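Residue-level listing of the chains:
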Amino acid sequence: MDLRLPDLSGIDVMLAIQSEFADARIILLMMFAGDVEIQRALRAGAQGYLLKCMPPEHMVETIRQVYAGKKRVLPEIASHVAEHLGDEPLTNREIDVLRHVTEGNRNQDIAERPLHLH
């Protein structure tokens with residue numbers, strides 16, 4: 001799955017595929033490493049990650065491992081992704097939850113409250 005599709009979000013397409021085909025195994029195929037979108041896709045259920053410029057034998061090995069039910073992100077790609085962990089800004093809900101936590105609210109009370117936009 002390429003995350004940069006002309007008219008759609010690759011993550012949305014990936015989630016739609018997985019909702020209809022729970023056993024689907026999805027491998028990201030990208031031009032470069034270290035993108036925040038890649039982190040989101042891996043969290044959303046992508047099982048592997050390939051660069052379009054990788055040698056064919058690396059691609060074949062990744063496909064085989066993902067087909068066998070394993071996750072596969074090559075070390076050089078994982079290091080690029082790891083460099084950007086935490087770069088993603090907080091969502092409005094995450095900010096709202098943090099505000100409630102600092103006010104001393106209980107988890108259940110926070111969960112029951114509607115999103116408060118600033």
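Reference entry: report on the structure contained in this document.

1. Things to note about the nonpolar core
Soluble globular proteins tend to pack their nonpolar side chains together in the buried interior.
Moving on, step 1. One finds Leu3, Leu28, Tyr49 and Met54 to be the most contacted residues of the largest nonpolar core, which totals 18 residues.
Moving on, step 2. Among the secondary structure elements, those contributing two or more residues to this core are α1 (10-20), β1 (27-30), α2 (36-43), β2 (48-51) and α3 (56-67).
Moving on, step 3. Residue contacts for methionine 54: discarding those within four places in its chain leaves Met59, Leu74 and Ile77.

2. Considering the packing of aromatic side chains
Moving on, step 1. Throughout the structure, instances matching the rule amount to zero aromatic pairs.
Moving on, step 2. Geometry around tyrosine 67 places arginine 25 over its ring, the cationic atom sitting 6.0 Å from the centre.

3. Here we look at the pairing of β2
Moving on, step 1. Residue alternation in β2 divides its side chains into two sets, Gly48 and Leu50 and Tyr49 and Leu51, and both sets are buried.
Moving on, step 2. Here β1 runs beside β2; their pairing, made up of four bridges, is parallel. Along β2, the bridge assignment pairs methionine 30 with leucine 51.
Moving on, step 3. Pairing analysis gives two bridges linking β2 to strand β3 (residues 72-73), with the strands arranged parallel. Looking across to β3, one finds that tyrosine 49 is bridged to valine 73.
Moving on, step 4. Taken together, β2, α3 and β3 form a β-α-β motif whose crossover is left-handed.

4. Section: α1
Because an α-helix completes one turn every 3.6 residues, residues spaced three or four positions apart along the sequence face the same direction.
Moving on, step 1. By the burial criterion, the buried members of α1 are Gly10, Ile11, Met14 and Gln18. What you see down the axis of α1 is that its buried residues fit within an arc of 100°, all on one side. Projecting away from the buried face of α1 at angles above 90 degrees are the exposed residues Asp12, Ser19 and Glu20.

Scoring rules and cut-offs
- Residues numbered from 1 in each chain as written.
- Predicted model: local features only at pLDDT ≥ 70, side-chain atom pairs only at ≥ 80, totals over all residues.
- Heavy atoms only, no water.
- Core = buried A, V, L, I, M, F, W, Y, C linked by side-chain atoms within 4.5 Å.
- Buried < 20%, exposed > 50% of the residue type's maximum accessible area, 1.4 Å probe, protein only.
- Helix = DSSP H or I, 4+ residues; strand = E, 2+ residues; numbered from the N terminus.
- Contact = heavy atoms within 4.5 Å.
- Phe/Tyr/Trp six-rings, centres within 6.5 Å; stacked < 30°, edge-to-face > 60°.
- Lys NZ or Arg CZ within 6 Å of the ring centre and 35° of its normal.
- Pairing = 2+ DSSP bridges.
- Right-handed = clockwise from strand over helix to strand, strands pointing away.
- Arc of directions from axis to C-beta.

This is a description of form; function is not addressed.
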